[in-house]
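Fold and geometry: a report
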Amino acid sequence: MTAWIEQWHHDITPVVDLPLPRELEHPACMTRHTLPGIQRRIRQRYPRASAQDCCTYHRQDWTLASETAIRLLAAAHAEGLTGEPAGDRVSELVTAEGLGAEDRHAVACLVTTVDPIMLGDDGDINEGRHRIQAMIDQGVTRTVVLRLVLLDPATGLAT
Ligand SMILES: [Zn+2]
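Residues numbered from 1 in each chain as written. Predicted model: local features only at pLDDT ≥ 70, side-chain atom pairs only at ≥ 80, totals over all residues.

**Quick notes on the environment of Val90**
Along the polypeptide, Val90 turns up in helix 5 (residues 83-93). When the C-alpha atoms of Val90 and Arg129 are compared, they prove to be 22 Å apart, with 39 residues separating the residues in sequence. When neighbours within four sequence positions are excluded, Val90 is seen to be in contact with Ala69, Leu72, Leu73, Ala76, Val107 and Val111. (Helix = DSSP H or I, 4+ residues; strand = E, 2+ residues; numbered from the N terminus. Contact = placed C-beta atoms within 7 Å.)

**Overview of unusual backbone geometry**
Cis geometry marks the peptide bond from His26 to Pro27; its omega dihedral reads -15 degrees. Along the chain, the position of Pro27 falls in the loop between strand 1 (5-14) and helix 1 (28-31).

**Some thoughts on the packing of helix 4 (residues 62-78) against helix 5**
Between helix 4 and helix 5, the least distance of the axes is 9 Å, while the angle of their chain directions is 115 degrees. In this structure, helix 4 meets helix 5 at a crossing whose hand is right-handed. In this structure, helix 4 contributes Ala69, Leu72, Leu73, Ala75, Ala76 and His77 to the contact, and helix 5 contributes Ala86, Arg89, Val90 and Leu93. Among the residues forming the contact of helix 4 with helix 5, the class breakdown is eight nonpolar, one polar and one charged. (Axes fitted to C-alpha atoms, helices over the stretch in contact; angles between N-to-C directions. Left-handed = near helix turned anticlockwise from the far one by under 90°. Nonpolar A, V, L, I, M, F, W, Y, C, P; charged D, E, K, R; others polar.)

**Some thoughts on helix 5**
Every buried residue of helix 5 is listed here: Ala86, Gly87, Val90 and Ser91. Angular distribution of buried residues about the axis of helix 5 spans 140 degrees; they occupy a single face of the element. (Buried ≥ 20, exposed ≤ 12 C-beta atoms within 10 Å, placed from the backbone. Arc of directions from axis to C-beta.)

Structure follows, in C-alpha cells:
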C-alpha cells in the first residue's frame, strides 16, 4: 500500500456554483424544501427578509462566517501557510475577531479539515448539505469549499 500525501485546498466558491442539496431528512425547515431547483435559485437571489430562528443551521449568519473565513484565509496565506495548516491558523486568528462562540465555530468548520464543506468526485455534495441549504436561503454569495488532492509520494504528482 502506498501512503498518499494529503494536500488540502481551500476553494473560494460562489454559492450558485454549488450543487443544490438533496435528501435532507432533518430538520423540518429543510425537509419541506420541495421547491424545484430553479425556484431555489430564485430564493437565493431574493432571500427571506428576516433571519430564521428554526434551527442551528439557519440561526447561523453564514455571510458573516464565510466572509470572515475568506478574509482570515488570505491572512494565513500571507503568512506563507496553505492547505491544512492555513485552516488551522484561521481557527486561531478567529479568536481575535470578537465573535461569539457559534460564529467562531462556524468559521472553523468552513476552513479546517474536521468537518468541511466538500464535493465528491461525482461533483455532488459530499459534506455540508445543511450548511449549503442555509446559505442558499440566506442569499450568501460565496463560501469556502475544501478539496483534497492525493499526491503520489514517489512522484509528488496528483493521483
Ligand atoms: Zn432551519
